[in-house]
Every structure is written in C-alpha cells, then in structure tokens.
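Geometric and topological summary
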Amino acid sequence: MAYRLIGVLCLLSAAAPCSSQCSGGHRLEGASLLTGLETEFWDWRMRDAPLFSTAVGETRHNDDLESYDYSVYGQRKNTVEQFLHRLQRIDRDQLTKDQQLDYDIFLDYLQTFLAGAHWNSYFAVNSVNFLEGVHTDPGRMQAIMPFSTLPDYENYLQRLTKLPVQIDQKIGLLQRAVSTGSTMNNVSVMAVPGQIEGLLQKSVEDSQFYQPAFTSKLDALGIPADTKLSLRTRAREAVTNLTAALQRLKTYLVHTYLPAARSTWGMEGLGGGREAYRRCLRYHTSTSMTPQEVHDLGLKEVARIRGNMEAALKRLQFSGTIKQFYDGVRTDAQFHANSSEALMNTYKDYIFNRIFPKLHTIFKDIPDLPLEVQPMPYDGPGGVYLSGTPDGSVPGIFYANIMRPQETVTIGIMALVLHETVPGHHLQAIYSLTSNLPKYRAFYEDDNYYRMPATFPINTAYLEGWALYSEYLGEELGLYTDDYLLMGRYSEEVFRACRLVVDTGLHYFGWDRERAIQYLLDNTASPRAEMATEVDRYLTWPGQATAYKIGEIKIKQLRQRATDDLGSLFHLPDFHNVLLKNGGMPLSLLERLVDHWIAEVKANGRPDGAIG
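1. Some details on the overall build of the protein
When helices and strands are counted, the protein shows 23 helices and three strands. For 612 residues, the compact-globule estimate of 2.2 N^0.38 gives 25 Å, and the protein sits close to it at 25 Å. A principal-axis box enclosing the C-alpha atoms of the protein has dimensions of 70 × 65 × 55 Å. The buried share of the protein, taken over its 612 residues, is 58%. When the accessible area of the protein is evaluated, it comes to approximately 23700 Å², of which 51% is carbon and sulfur surface. Between the mean site of the 60 positive side-chain charges and the mean site of the 71 negative ones, the protein shows a separation of 2 Å.

2. Some remarks on the environment of threonine 285
Structurally, threonine 285 is set in helix α10 (residues 273-285). Expressed as a C-alpha distance, the spacing of threonine 285 and alanine 461, which sit 176 residues apart in the sequence, is 4.9 Å. Discounting chain neighbours no more than four positions away, the residues touching threonine 285 are Ala461, Thr546, Ala547, Ile550 and Leu587. In terms of polar contacts, threonine 285 uses its side chain to reach the backbone carbonyl oxygen of leucine 281, at 2.7 Å. Separated by 2.8 Å, the side chains of threonine 285 and threonine 287 make a polar contact.

3. Considerations on the sheet that holds strand β2 (residues 383-386)
Note on sheets: strands pair through backbone hydrogen bonds, and any given pair is parallel or antiparallel. Read from one edge of the open sheet, three strands run β1-β3-β2, paired in mixed fashion. In the strand order of this sheet, the two ends are held by β1 (371-375) and β2, each with one partner. Along the sheet, successive strands turn relative to each other by an average axial angle of 20°, direction set aside. Pairing between β2 and strand β3 (residues 396-400): four bridges, direction antiparallel. When the sheet's bridge partners are listed, leucine 386 is paired in β3 with isoleucine 397.

4. Looking at the environment of lysine 228
Looking at the secondary structure, you find lysine 228 in helix α9 (residues 225-260). Overall, the relative accessible area of 13% leaves lysine 228 in the buried class. On a C-alpha basis, the gap between lysine 228 and aspartate 64 in space is 22 Å, while along the polypeptide they are 164 residues apart. Those residues within four positions of lysine 228 in sequence are excluded, and the remaining contacts are Leu218, Asp219, Leu221 and Ile223. Within the local environment of lysine 228, its side chain forms a polar contact with the backbone oxygen of leucine 218, the two atoms lying 3.3 Å apart.

5. Points about the side chain of histidine 284
Turning to its location among the elements, histidine 284 is positioned in helix α10. Beyond its immediate stretch of four places on either side in the chain, histidine 284 contacts Met452, Thr460, Ala461, Pro542, Gly543, Gln544 and Ala547.

6. Considerations on helix α18 (residues 483-508)
Between its terminal C-alpha atoms α18 stretches 36 Å, which fits the 38 Å expected from 26 residues at 1.5 Å a residue. A bend of about 30° at cysteine 498 is the largest found in α18. Of the residues that open α18, the one with a side-chain oxygen 2.9 Å from the backbone nitrogen of tyrosine 484 is aspartate 482.

7. Some words on the packing of α18 against helix α21 (residues 547-566)
At a minimum axis distance of 8 Å, the contact between α18 and α21 shows a crossing angle of 115°. Of the residues in α21, those in contact with Glu493, Arg496, Ala497, Arg499 and Leu500 of α18 are Tyr548, Lys549, Ile550, Glu552 and Lys556. By residue class, the composition of the contact of α18 with α21 is four nonpolar, no polar and six charged.

8. As for the confidence of the model for the protein
Chain-level pLDDT for the protein is 91 on average; 94% of the residues reach the 70-or-more range. A low-confidence stretch, residues 1-25 (pLDDT under 50), is modelled with 60 contacts involving residues beyond four sequence positions or located in other chains.

9. Describing unusual backbone geometry
Here glutamine 211 and proline 212 are connected by a cis peptide whose omega angle stands at 15°. Note on placement: proline 212 falls in the loop between α7 (192-200) and α8 (213-219). Residue proline 423 follows valine 422 across a cis peptide bond; omega there is 0°. Structurally, proline 423 can be placed in the loop between α14 (413-420) and α15 (425-433). One non-glycine residue with positive phi stands out, namely serine 286, at about 50°. A relative accessible area of 24% means that serine 286 is categorised as partly exposed. The phi dihedral of aspartate 365 is positive, around 55°, even though this residue is not glycine.

10. Comments concerning the pattern of salt bridges
Within the structure shown, the criterion is met by 44 salt bridges. In this structure, glutamate 58 and lysine 439 form a salt bridge, with 3.1 Å as the shortest nitrogen-oxygen distance. Taken together, the residues glutamate 58 in the loop between α2 (50-55) and α3 (71-88) and lysine 439 in helix α16 (residues 439-442) connect sequence positions 381 residues apart. Assessed through its relative accessible area of 14%, glutamate 58 is described here as buried.

11. Let's talk about the side chain of aspartate 104
Relative to the helices and strands, aspartate 104 resides in helix α4 (residues 97-117). What makes aspartate 104 buried here is its relative accessible area of 10%. Setting aside its immediate chain neighbours within four residues, aspartate 104 contacts Arg92, Leu589 and Arg592.

12. Points about helix α23 (residues 587-604)
With 18 residues, α23 extends 26 Å between its outermost C-alpha atoms, agreeing within 8% with the 26 Å of an ideal straight helix rising 1.5 Å per residue. What α23 keeps buried is the set Leu587, Leu589, Leu590, Leu593, Val594, His596, Trp597, Ile598 and Val601. As for α23, its buried residues are in contact with α4, α10, α17 (460-476), α21 and α22 (572-581). Immediately beyond the C-terminal end of α23, within one or two residues, lies glycine 605, with a positive phi of roughly 65°.

13. Section: the packing of aromatic side chains
Under the counting rule described, the total for this entry stands at 38 aromatic pairs. Residues tryptophan 44 and phenylalanine 83 carry aromatic rings whose centres are separated by 6.1 Å and whose planes lie at 45° to one another, so their mutual orientation is tilted. Remark: phenylalanine 83 occurs in helix α3 and tryptophan 44 occurs in helix α1 (residues 20-48); sequence separation between them is 39 residues. Within the aromatic cluster, the residues linked to one another by ring pairs are Phe41, Trp44, Phe83, Phe106, Tyr109, Phe113, Tyr440 and Phe456. One cation-aromatic arrangement involves arginine 176 over tyrosine 70; the distance from NZ or CZ to the ring centre is 3.6 Å. The aromatic ring of tyrosine 508 is capped on one face by arginine 274, whose charged end is 4.1 Å from the ring centroid.

Reading the values: the criteria
Residues numbered from 1 in each chain as written. Predicted model: local features only at pLDDT ≥ 70, side-chain atom pairs only at ≥ 80, totals over all residues. Heavy atoms only, no water. Helix = DSSP H or I, 4+ residues; strand = E, 2+ residues; numbered from the N terminus. Rg over C-alpha atoms; globule rule 2.2 N^0.38 Å. Buried < 20%, exposed > 50% of the residue type's maximum accessible area, 1.4 Å probe, protein only. Areas by Shrake-Rupley, 256 points an atom, 1.4 Å probe, with all protein chains shown as cover. Lys, Arg positive; Asp, Glu negative; His and termini not counted. Charge placed at Lys NZ, Arg CZ, Asp CG, Glu CD. Contact = heavy atoms within 4.5 Å. Polar contact = N/O pair within 3.5 Å; in protein donor to acceptor, adjacent residues only side chain to side chain. Pairing = 2+ DSSP bridges. Axes fitted to C-alpha atoms, helices over the stretch in contact; angles between N-to-C directions. Expected span 1.5 Å × (residues − 1). Bend = angle between axes of the 7 residues up to and from the residue. Nonpolar A, V, L, I, M, F, W, Y, C, P; charged D, E, K, R; others polar. pLDDT = per-residue confidence, 0-100. Salt bridge = Lys/Arg side-chain N within 4 Å of Asp/Glu carboxyl O. Phe/Tyr/Trp six-rings, centres within 6.5 Å; stacked < 30°, edge-to-face > 60°. Lys NZ or Arg CZ within 6 Å of the ring centre and 35° of its normal.

Okay, structure coming up:
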C-alpha cells in the first residue's frame, strides 16, 4: 500500500503523561474532538454556501442560496473566530508529526480567512465582474443540481425565486464600493451589461434558467401532467422575475457603477492598495515573497524559457526572432482550426486519445471518475475546469473556448489540456475527492474569486502549481511530438512567467493596461484579443496569476530533493501520490509533507514508500 501521510486522525490530549493504554485513550479522545470539530465546520460551510454544497454532492441545502447582505461578512468572521479558538485549545506540542500537519492545515485555513477578512471593503463589495457570476454561466445552477424527483424541482424553483433577492444584494454591495471609492477599474465590469443583455434577449422558454429543466428533463419525469403544467407556470413566473432583477443590475452598472469606476489600473491606485496587494500575494502564493521578489523571479524565468525557445527555433531552422516566429504562427492557417467544431475535436483528441493512454506510466491508483469536454458559455480564457462530485454523478467538466477558432493558436492546445484536465486539474481533483480527506480539504470552492483574499484559501499555488507542472510532464510523456508543439508549451510556460512580471507591474509598479498587453504579446504566441482579456483578468483578480509559476517551481524543487535524497528508492508514481492524495495545502506544509515522506522511505528501505 502506497504511503500516505494523512490517514486516520489521531490526536493526543493535553493531559499529563500516563500509561500507554491511557495515552492511547487520550489519542482516541483527541481524534474524536478534532473529527467532530471538522464535521461541525463543514456542516456550517454547507449551510453558509448552499451552491457550493450542491456542487460537492451535499443535498441538504438544495433549496437555498447564499446571502450577499454585507452583514453576513461580519457574522462569518465571528463564526470562524470561534472555530479557531476551539482548535487552538488542542495542545499541538503533544501531537505526532502526522497529526501536527493536519492540525496546521486546519489552522492555516481558518487564519487565512481571518487575515483576509480585514479587506472585505476592497474585495467582497465588488461582487460582479466579467469573469464570474450568473450572467457568465446561467446554466451552471442547473448543471450541478439533480432533476430526478418532484422535490428536486421544488428545490430549483426555490432557488430561482431567491435569485432576484441575491442580485439585489449584490447591487447593494456594489453601491458600498461606489460610496467608499473602492471600485474596480471599469475593464473588470464593462462587458457585464452586454453579457446580461444576451440573457435578456432570450424568451422565458429559451432561457438557460428555464430549459432543459422545464423542457426535456421535465418531459421525462414520471409525474402527472397537471403537476408538470403547474411547475412550468411557476417556473415562467420565477424566470420573469429573475429577468427583471437582471435588468435592474444592468441599469445600475450602466448608470451608476461604471461612471464611478476607478481610472487607475491596479491596486496601487486604492488607498492602502499596496498593502492589500501584498495580502493578495500571500493568499495566492502561500509564501512571504514581496512584490519585488515575485517580479524579479518572473523576469528570470522569462529569460530562461526564452533560451529554450531559441534552441527550439534553431532546430526548426527558423532564422527570425521569437516574436517573428509567434507573429507568423498567429497568421499561418495551418496553426488554426477552420471551425468551432474542428477546434472542439482537437481538444477531445488530445485529451482522450493522446494523454489518457500514457497516464499509467507516471501515476498509479488513478481514480475512475468521469471527465467531459463542453464549449465555454462565454468568451473568456482558452479553457477552464470545474470538478465534479465524488460519486461521479456530476462529471468534471473542461470548458473549452471555441468562440474564435480562427484566432486560437493550436500549437498551445496540448499544454492547455495537460494543465486543465489530465494530469492537471481533473486528475488533481479526482485524487482529492477519493482520498478520504476531511471534506473541507477534499473540496475547494471554485467560485467567488473576486473575494480573495477575503475568503477561505483554495491553496492557489498548490492547485495551479500542480497544473503548470503537469504541462512540464507532457515532455516526459512524449506528448510534444514536434518543436511546434514544444514552442506551444514554451509559450504557455513563458506566459505564466510573464504573469509574475505583469501582475506585479499592474498592481504594484504602476504599469498601465497597454504596457501589460504589449509585454505579453512580445513574449507569447497568443493574439491581442486574448491577451487583453488576460490582462483584464489580472486586474480583476489581483495576485491570482502569480501562483502558477511559484507553485510549479516549488514542486520541481521538492521532486529534485526527493530524487537526490532517495536515489534508487525514488519512485515517481509514489511521489505524485504523496502530492495528490493529500490534497491542497500551503507550500510550506507541502514541503514538510514531502520531507516526512522521504524520511519514511529511507527508514523503510522500500522504493514504493510503503509503511509496515
């Protein structure tokens, strides 16, 4: 059995020393207390975030929606402080190393939230942007809900009825931002009225809030015809009210928020913005790196990767510059799909026919949970991934942006799908979902990014660092079959390195939007429209983009350390298991985890790192 550091929780109490039998009893008591606390915390999280609850397969709150009233933020803070106080009553010094790691992960989880809560007035109040929200993915609420019984429909109708209230609460939060002068730059919001208008143009029956739940799915449900008629009547009324709320949001944005939006680009333009940005970096990287250190690391990585690019161009016998190569790729028809359908087929071919068959060579015990590829419902980044549920009833979904096939450079698709699906985010998610971790660690709320760092951690550096490391694994798996694909990979890698430079530039060093776009165009293969969207993303989610490279570099360092220390005892699938089966955590705790694993392998003298 492969070694896993986090197993059954077993804590020592703070009681005085006693016999081994007594000590074991205290361990059981401590384990029970911690397990109870984690269960209570998770139950509260499910009540507090009902859509998150549904997304992870919990059904108790399928009729409810989260409150966006500003008072809730203070209530949340008080609740988390109470959980932290109860956790700290456990004497950490009397815990084993394994137990201390578990304790520290929970401690960091709560403390990170509380440290970020100070900045609610900067982040949580800006509750609408072009990247996330019901206006960007109106079908998601249906996608995560079951529709197999009449109560399922009643739950969904309750949510449709409550959604206008939530939208009005978000307008209230936006007004707080306007009143306090802490709005976002208008590029974060200027597309939202158009996104809403696209929803308003649909008839009730064509609305993604109405169908397919009340069309084909309801047709197939075995209930009386008059009950179906009643459900549809109530649904039309609910969607009509929802449409009116969306119109109110659009009107507010156009006439109030956008005219008041900041003219400065990054966080530097806000009072206290520099300190707030440093908190963003700490939240996303889980390190104490300064903006200057992040910026300098980015410049260093860009230079290193450009060296790899030069070597690839030499092999291709291309005599021009890196920029000229990518400029040529952008306009060469052979590097673009002819249609959205052809682009979608390329994504599916790479994932299911090229990558999946090779995974077993560097991974073991791969969980069997489904993955689907679907078109992205809005024009955002190249692709995004949303995880499914542990029972497989909701699959992991990779949303591919196929809206601009003539502009999408196909040499970067292999790296993108390695990052977002396997062995990237999908593989990462399904290991975590099936590893019997405490639920708050097994699931992360992949939503409300605008709140960060004023929310619970999702361990961005671990999460995105693994995904970027997965792009690198494509080289070891032989998936970059020519230097064009390899240049696509380098473009994606240098893109992440550029993010360190651009994100800090925008939010700390006074860069404007055009300078950031041009820097990306000078160093990547992507078109201007895509890079403009990316820069707007960095402006909307400060610090998030820096976590990729920082996490990847740490994972590579830990792998090299394990390789050097273990020699012939090093087994790559086991190293990957240690990282994946223990779920997300801050990089400092990930380092401790790997060091503990190395010590156990040495002690056992077994290449698989097994215990006992």
